[in-house]
Amino acid sequence: MPRERFKTLTEQMFYLLLCLQEECRGMEILEKVRQMTGGRVSIGSGTLYDLLEQFTAEGWIEATGALRGRRRYRITGKGAAMLAKEYERLREQIRDYERYAGKEAQP
Amino acid sequence: MNRTKRLFVPLSIYDQQAMETLLEKQAAQGWLLSKIGGWFWTFTEIQPQTLQFAVTYFSKATEYDALPTDAQKDKEDLCAGSGWRLAARRHDIQVFYTADADVLPLETDPVVRVASLYRAMVRLTIRPRLFTLVLCLFWLGKYWLDFRHDAIGFLSDSFDILSLPVWFLLLLACLVEPIACLAWHRRAGRAAEEGGLFLSPRIPARVSWILVAVAILLLCLAAFGSPLPPQWYLGWLLICAAAIGGGTWLRKRLREKEYPAGLNQAVTGLMVLAVYTVGIVVLLAVSLGSHLGQPDHVVAGSYEQNGRTYEIYNDPLPLVAEDLTETDARYSRRATAYTSPLLQQSLYEQSPVVPQSAGAPTLRYTIYDTDFAFVQNIVVQQLLDEHQDEVYEDGTVFQDSYSAIDPAPYGAQAAYQLQWSTSGPIPQYLLCWPGRVVELRFAYLIPNEEQLAKAAGILAPTD
């Protein structure tokens, strides 16, 4: 699958990859993303399940726990590269903002 | 034990919103979904309450998997952890509910939701429909080859003609939903990416069902219009029902016993194939044994020759040798007709009983009746082509062909006589009137102009 869409990441995808810098279980991810974003971003459990499946299939994350329900996930090198690419894209957006809108905003 | 009830739910599998609304309404009336069937869903009695439902799609299990699969349990555990309890599951969907009005929705990212639903569509709709589409194309291809091989036989076969639109309708039915799914995926993907919106799919499942219903109706008409009796088709339907019903039963049994999905699929598939094959072989044997579908003839007696018994028929023929010449030979007269809405092909044969009447004038003729000029053109062209340098099995080429003759004496539009390059004209004629073509062959009788004109007068269309 994925997919043309994964050329960029949605906010929920971004934070999922970001929080998997450390190994986490599914429920921990939901809580961790909420904490990381101060409650601004929340991932629904159905969406989280789909993302874990899709990212695992893409090789962006890997499952480390063998037992059902205790499965833990962490980001892979491929996933880290995707995250870094997204970070660069966002930085470019910020730089563009500062160059144009930011300057105009200054007195 | 709580009471249960079954409810007919004729909703498209992709109509999430309608399903969720129905479930919320039922919960408010004191019924909670407990089992999802094909058309009927089972509800268990609860205290009437306000519940929120979420229908989600699952594309990693098949109908051959023992449920729940580990992956389904993973998802259910994850959802339970965030306050969503499982109401019921099937291999392709899971339904969750919660009483907490403030709980976070199960699906929060439209981009992921579109991707997840599209995967389910590929699995549940697009692939199966494409498989059926290939089957339809195969049958249409077979019909085309049959037509190319023998257009007259094809056009006068009622079952072929009436069942031809069936495959076109099924072809259309197979295309409607996949096209709607692909179109939705395109629009929904863009809306999710650009606007963060989830567009609900509108898949016209009912259109497909209507097309299939019309196709089945046409198939029934084709069956009743064919030379085979209704009992034959009833037998065939019973075989199909036994194969499909047996397959469904076996699949469920193996699933309950938690056999691997691959093994279940292979065993079930083989069982369906075996039941169908054995059933068809038995049906064909019974049909052949009881002469089902064979034309009815008036039997007037029988005679023996070379140790074999031949029946003597006395079917009514529009033209007999006695109309043209005096003869006291003993004859067998046989008539066979094949009728479709496009073409009626009637074959007539008056042949002497041998050996006592050997050498008596013999008549063989076929009358083709049609209301369609294009069908008549096809018939005439095929008959002309058939006698254009015939190649026999041993490779010998008989340089014969129909040559145009004056149609006026026969009141026809066109007339032809067969010519052999070596021996000249032979007594075989092709006479064409509007709506009727007759191919007339004589043996042991070379008709003169008067006899031929008389034969043509008898065989010409009356109106």
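Residues numbered from 1 in each chain as written. Chains lettered and ligands numbered in written order. Predicted model: local features only at pLDDT ≥ 70, side-chain atom pairs only at ≥ 80, totals over all residues.

Participant: Looking at this structure, I do not really get the overall build of chain B. What am I missing?
Facilitator: Each helix and strand counted, chain B has 10 helices and 17 strands in total. Looking at chain B residue by residue over its 463 residues, the buried ones come to 29%. Taking the contacts inside chain B whose residues are at least 6 apart along the sequence as the reference set, 57% of them involve residues at least 24 apart. (Helix = DSSP H or I, 4+ residues; strand = E, 2+ residues; numbered from the N terminus. Buried ≥ 20, exposed ≤ 12 C-beta atoms within 10 Å, placed from the backbone. Contact = placed C-beta atoms within 7 Å.)

Participant: Honestly, the interface of chain A and chain B in this entry has me stumped. Any pointers?
Facilitator: How big an interface is tends to be reported as the loss of accessible area on association of its parts. Listed per partner, the contact involves 22 residues of chain A and 25 residues of chain B. Elements with a contribution of two residues or more to the side of chain A that touches chain B: helix H2 (26–36) and helix H3 (45–58) of chain A. Its residues placed into classes, the side of chain A that touches chain B shows seven nonpolar, 10 polar and five charged. (Nonpolar A, V, L, I, M, F, W, Y, C, P; charged D, E, K, R; others polar.)

Participant: It is not clear to me how helix H10 (residues 449–459) of chain B should be interpreted in this structure. Could you clarify?
Facilitator: The periodicity of an α-helix, 3.6 residues per turn, causes residues three or four places apart in sequence to face the same way. Within the span of H10 of chain B, buried status applies to Leu452, Ala455 and Ala456 of chain B. The arc enclosing the buried residues of H10 of chain B, seen along the axis, measures out at 100 degrees, which places them on a common side. (Arc of directions from axis to C-beta.)

Participant: How do you make sense of the pairing of strand S7 (residues 299–305) of chain B when you look at a structure like this?
Facilitator: Regular strands have side chains that alternate between both faces of the sheet. All names here are of chain B. Little of S7 sits out of view: just zero of its seven residues are buried. Strand direction decides the pairing type here: S7 and strand S8 (residues 308–313), joined by six bridges, are antiparallel. Note on S8: the bridge partner recorded for Glu304 is Thr309. Linking S7 to S8, which pair antiparallel, is a turn of two residues; within it Asn306 sits at a positive phi near 50 degrees. (Pairing = 2+ DSSP bridges.)

Participant: What am I meant to see in the sheet that holds strand S2 (residues 31–36) of chain B here?
Facilitator: Hydrogen bonds along the backbone pair up the strands of a sheet, which may run parallel or antiparallel. All names here are of chain B. The strand order S1-S3-S2 describes an open sheet built from three strands, whose pairing is antiparallel. Across the chains shown, the open sheet's two edge strands, defined by having one partner strand only, are strand S1 (4–8) and S2. Pairwise comparison of adjacent strand axes, ignoring direction, gives a mean angle of 35 degrees for this sheet. Note that S2 and strand S3 (residues 40–45) share five bridges and pair antiparallel. Looking across to S3, one finds that Leu33 is bridged to Phe43. (Axes fitted to C-alpha atoms, helices over the stretch in contact; angles between N-to-C directions.)

Participant: So what exactly am I meant to see when it comes to the environment of Ile244 of chain B here?
Facilitator: Residues and elements named next belong to chain B. With respect to the helices, strands and loops of the structure, Ile244 is situated in helix H7 (residues 230–256). Accessibility expressed as a C-beta count within 10 Å gives 13 for Ile244, which makes it partly exposed. Between the C-alpha atoms of Ile244 and Met271, which are 27 residues apart in sequence, the distance is 9.5 Å.

Participant: Just to check I follow, could you spell out helix H6 (residues 205–225) of chain B for this structure?
Facilitator: Residues and elements named next belong to chain B. Counted at 1.5 Å a residue, the expected span for H6 with its 21 residues is 30 Å, and the 30 Å between its end C-alpha atoms agrees. Buried within H6 are the following residues: Ser208, Ala215, Ala222 and Ala223. Along the long axis of H6, the arc covered by the buried residues comes to 95 degrees, so they all point the same way. Exposed positions of H6 whose direction lies more than 90 degrees from the buried face are Arg206, Ala213 and Leu217. Looking at the buried positions of H6, the neighbouring elements they touch are helix H5 (158–195) and H7. (Expected span 1.5 Å × (residues − 1).)

Participant: How do you make sense of the confidence of the model for chain B when you look at a structure like this?
Facilitator: Of all residues in chain B, 99% have pLDDT values of 70 or greater, and the mean over the chain is 91. Interface predicted TM-score (ipTM) for the complex: 0.86; the corresponding pTM is 0.79. (pLDDT = per-residue confidence, 0-100.)

Participant: Could you clarify how one ought to interpret unusual backbone geometry in this entry?
Facilitator: Glycine aside, residues mostly have negative phi angles, and peptide bonds mostly take the trans form. Residue and element names in this part refer to chain B. Residue Pro68 follows Leu67 across a cis peptide bond; omega there is -5 degrees. Locating Pro68 in the fold gives a position in the loop between strand S4 (52–57) and helix H2 (70–81). Despite not being glycine, Glu258 shows a phi value in the positive range, around 60 degrees. Its place among the elements puts Glu258 in the loop between H7 and helix H8 (261–289). Unusually for a residue other than glycine, Tyr444 sits at a positive phi of about 60 degrees. Looking at the secondary structure, you find Tyr444 in the loop between strand S17 (436–443) and H10. For Tyr444, a count of 15 C-beta atoms within 10 Å corresponds to the partly exposed category.

Participant: Mind showing me how you'd approach the packing of H2 of chain A against H3 of chain A here?
Facilitator: Angle between the axes and distance between the axes: these two values describe a pair of packed helices. Residues and elements named next belong to chain A. Two elements in contact, H2 and H3, have axes separated by 11 Å at closest approach and are oriented at 115 degrees. At the point where H2 passes H3, the crossing takes the right-handed sense. Judged by residue contacts, Gly26, Ile29 and Leu30 of H2 engage Ser45, Leu48 and Leu52 from H3. In the contact of H2 with H3, the residues fall into four nonpolar, two polar and no charged. (Left-handed = near helix turned anticlockwise from the far one by under 90°.)

Participant: Explain the domain arrangement of chain B to me, please; I cannot follow it from the model alone.
Facilitator: Residues and elements named next belong to chain B. One can read the domain layout of chain B as domain 1 (4–98), domain 2 (229–294) and domain 3 (315–459). Each partner contributes residues to the interface: domain 1 has five residues there, and domain 2 has six residues. Taken together, the residues that form the side of domain 1 that touches domain 2 break down as two nonpolar, one polar and two charged. (Domains from an automatic or database assignment.)

Participant: Just to check I follow, could you spell out the packing of H7 of chain B against H8 of chain B for this structure?
Facilitator: Residue and element names in this part refer to chain B. At a minimum axis distance of 9 Å, the contact between H7 and H8 shows a crossing angle of 160 degrees. Looking at the two axes, H7 sits roughly antiparallel to H8. Judged by the twist between their axes, the crossing of H7 over H8 is right-handed. Here Trp232, Gly235, Trp236, Ile239, Ala242, Ala243, Gly246, Gly247, Leu250, Arg251, Leu254 and Arg255 of H7 come into contact with H8, specifically with Asn264, Val267, Thr268, Met271, Val272, Val275, Tyr276, Gly279, Ile280, Leu283 and Ser287. (Parallel < 35°, antiparallel > 145°, perpendicular 65-115°, else oblique.)

Participant: For this particular structure, what's the right way to read the nonpolar core?
Facilitator: Within soluble globular proteins, side chains that are nonpolar generally end up buried alongside one another. Membership of the largest hydrophobic core comes to 62 residues, with the highest contact counts inside it found for Leu16, Leu17, Leu20 and Leu48 of chain A together with Leu33 and Val95 of chain B. Element by element, the count of residues in this core is highest for helix H3 (residues 110–149) of chain B, at eight residues. For Leu48 of chain A, the contacting residues outside a window of four places in its chain are Gly26, Ile29, Leu30 and Ile43 of chain A together with Leu78 of chain B. If you look at the next biggest cluster of nonpolar residues, it comprises 38 residues, including Ala321, Leu324, Tyr402 and Tyr429 of chain B. (Core = buried A, V, L, I, M, F, W, Y, C linked by C-beta atoms within 7 Å.)

Participant: Would you explain the sheet that holds strand S10 (residues 344–352) of chain B in this entry?
Facilitator: Residue and element names in this part refer to chain B. The seven strands lie next to each other as S9-S10-S11-S17-S16-S15-S14, forming an open sheet whose pairing is antiparallel. Edge positions in the open sheet fall to strand S9 (331–339) and strand S14 (400–405), since each of these has one partner strand only. Direction aside, the axes of adjacent strands within the sheet are offset by 20 degrees on average. Sheet topology note: the S9/S10 ladder contains nine bridges and is antiparallel. When the sheet's bridge partners are listed, Arg333 is paired in S10 with Gln350. In this fold helix H9 (residues 373–386) packs onto strand S11 (362–369), S14, strand S16 (424–433) and S17, with an angle of close to 25 degrees to the strand it touches most, S17.

Participant: Even after reading the chapter, I still don't get the environment of Thr370 of chain B, so can you show me in this structure?
Facilitator: Residues and elements named next belong to chain B. Assignment of secondary structure puts Thr370 in the loop between S11 and H9. Distance in space between the C-alpha atoms of Thr370 and Leu32 is 62 Å, their sequence separation being 338 residues. Excluding residues within four positions of it along the chain, Thr370 makes contact with Leu342, Leu343, Val375, Gln376 and Gly435.

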